[in-house]
Amino acid sequence: MNKEVMKTVLVTGGCGYIGSHVTRQLSEAGYKVVVIDNLSTGFREALINGEELVVSNAGDKDLLHSIFSKHQISAVLHFAASIIVPDSVAMPLSYYENNTVNTLRLLESMTEHKIPNLIFSSTAAIYGNATEDIVTEDSVAQPANPYARSKLMDEWAIADTSLAHSLKFAVIRYFNVAGADP
């Protein structure tokens, strides 16, 4: 793909487990990928195709402004989050800050720079202890911990932002993610 017309995407949390696999696949599909990761749980070695890594927090508005001004970002894939449920119970404010506040800052920056597309990594934990045999997208959200509540708040903020700013988005609610890559 010609670098002048190559689509550029921003992946937050792109050095983490899911983010790094998505980053690799995007790069191999011909996208230019810019990654923001604070490396608190991710590894820079996970970037194997020359992706641009910015070591920082995904909610840093000055950094986001710089990235969105420098690159023609066509989409954001937002994987950056704290995910350990017991930690969220012990340190709820930390989870709301890292997950929800940073997502709000990202959304604000995206709307200011008219970034049209977002894929958001959520969680099936928003369903809590569902009593249904089969959980679907229409099942009732009943998050049972700060981690799940922070992700559901993010989903609501994204949906509301979409209505006000024509943001196209997809939310992925994983149950379990497993696998490996050589």
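Above this text you will find the structure in question.
Our subject in this report is the structure included herewith. Bear in mind the structure is a predicted one, so any value in this text is a computation, not a measurement.

**Description of the packing of aromatic side chains**
Next up, step 1: Within this structure, the stated rule accounts for one aromatic pair.
Next up, step 2: Pairing Y127 with F175 gives two aromatic rings, centres 6.3 Å apart and planes at 10°, and the pair type is stacked. Separated by 48 residues along the polypeptide, Y127 in the loop between β5 (117-121) and α5 (146-165) and F175 in the segment after β6 (168-172) bring together distant segments of the chain.
Next up, step 3: Judged by its relative accessible area of 4%, Y127 falls in the buried class.

**Some thoughts on the pattern of salt bridges**
Next up, step 1: Within this structure, the stated rule accounts for six salt bridges.
Next up, step 2: We note a salt bridge from K61 to E108, for which the minimum N-O separation is 2.8 Å. Taken together, the residues K61 in helix α2 (residues 61-70) and E108 in helix α4 (residues 92-112) connect sequence positions 47 residues apart.
Next up, step 3: Where E97 meets R105, a salt bridge forms, and the shortest distance between an N and an O atom there is 3.4 Å.
Next up, step 4: Look at the salt bridges and you will find they share partners, linking K61, E108 and E112 into a network.

**Structural notes on the packing of α4 against α5**
Next up, step 1: Two numbers describe how α4 lies on α5: the axes approach to 9 Å, and their chain directions differ by 15°. Of the possible angle classes, the one that applies to α4 and α5 is roughly parallel. Between α4 and α5 the crossing geometry is right-handed. Together, P92, Y95, Y96, N99, T100, T103, L104, L107 and T111 of α4 and P146, Y147, R149, S150, M153, D154, A157, I158, T161 and H165 of α5 make up the contact between the two elements.

**A word on the packing of α2 against α4**
Next up, step 1: With their axes 10 Å apart at the nearest point, α2 and α4 run at an angle of 35° to one another. α2 and α4 meet at a crossing whose hand is right-handed. Here K61, L64 and F68 of α2 lie close against α4, whose contacting residues are R105, L106, E108, S109, M110 and E112.
Next up, step 2: Its residues assigned to classes, the contact of α2 with α4 shows four nonpolar, one polar and four charged.

**Concerning the pairing of strand β1 (residues 8-12)**
Next up, step 1: The element β1 is largely enclosed, with a buried count of five among its five residues.
Next up, step 2: Burial along β1 is two-sided: T8, L10 and T12 facing one way and V9 and V11 facing the other are all buried.
Next up, step 3: As defined by bridge partners, β1 adjoins strand β2 (residues 32-37) across five bridges and the pair is classed as parallel. Following the sheet pairing, V9 is matched in β2 by V33.
Next up, step 4: What joins β1 to β2 is helix α1 (residues 17-28), and the crossover it makes is right-handed.
Next up, step 5: With five bridges joining them, β1 and strand β4 (residues 73-78) adopt parallel strand pairing. By the bridge assignment, V9 is partnered in β4 with A75.

Calculation notes
- Residues numbered from 1 in each chain as written.
- Predicted model: local features only at pLDDT ≥ 70, side-chain atom pairs only at ≥ 80, totals over all residues.
- Heavy atoms only, no water.
- Phe/Tyr/Trp six-rings, centres within 6.5 Å; stacked < 30°, edge-to-face > 60°.
- Helix = DSSP H or I, 4+ residues; strand = E, 2+ residues; numbered from the N terminus.
- Buried < 20%, exposed > 50% of the residue type's maximum accessible area, 1.4 Å probe, protein only.
- Salt bridge = Lys/Arg side-chain N within 4 Å of Asp/Glu carboxyl O.
- Axes fitted to C-alpha atoms, helices over the stretch in contact; angles between N-to-C directions.
- Parallel < 35°, antiparallel > 145°, perpendicular 65-115°, else oblique.
- Left-handed = near helix turned anticlockwise from the far one by under 90°.
- Contact = heavy atoms within 4.5 Å.
- Nonpolar A, V, L, I, M, F, W, Y, C, P; charged D, E, K, R; others polar.
- Pairing = 2+ DSSP bridges.
- Right-handed = clockwise from strand over helix to strand, strands pointing away.

From the geometry alone we can't say anything about function, so treat these as descriptive.
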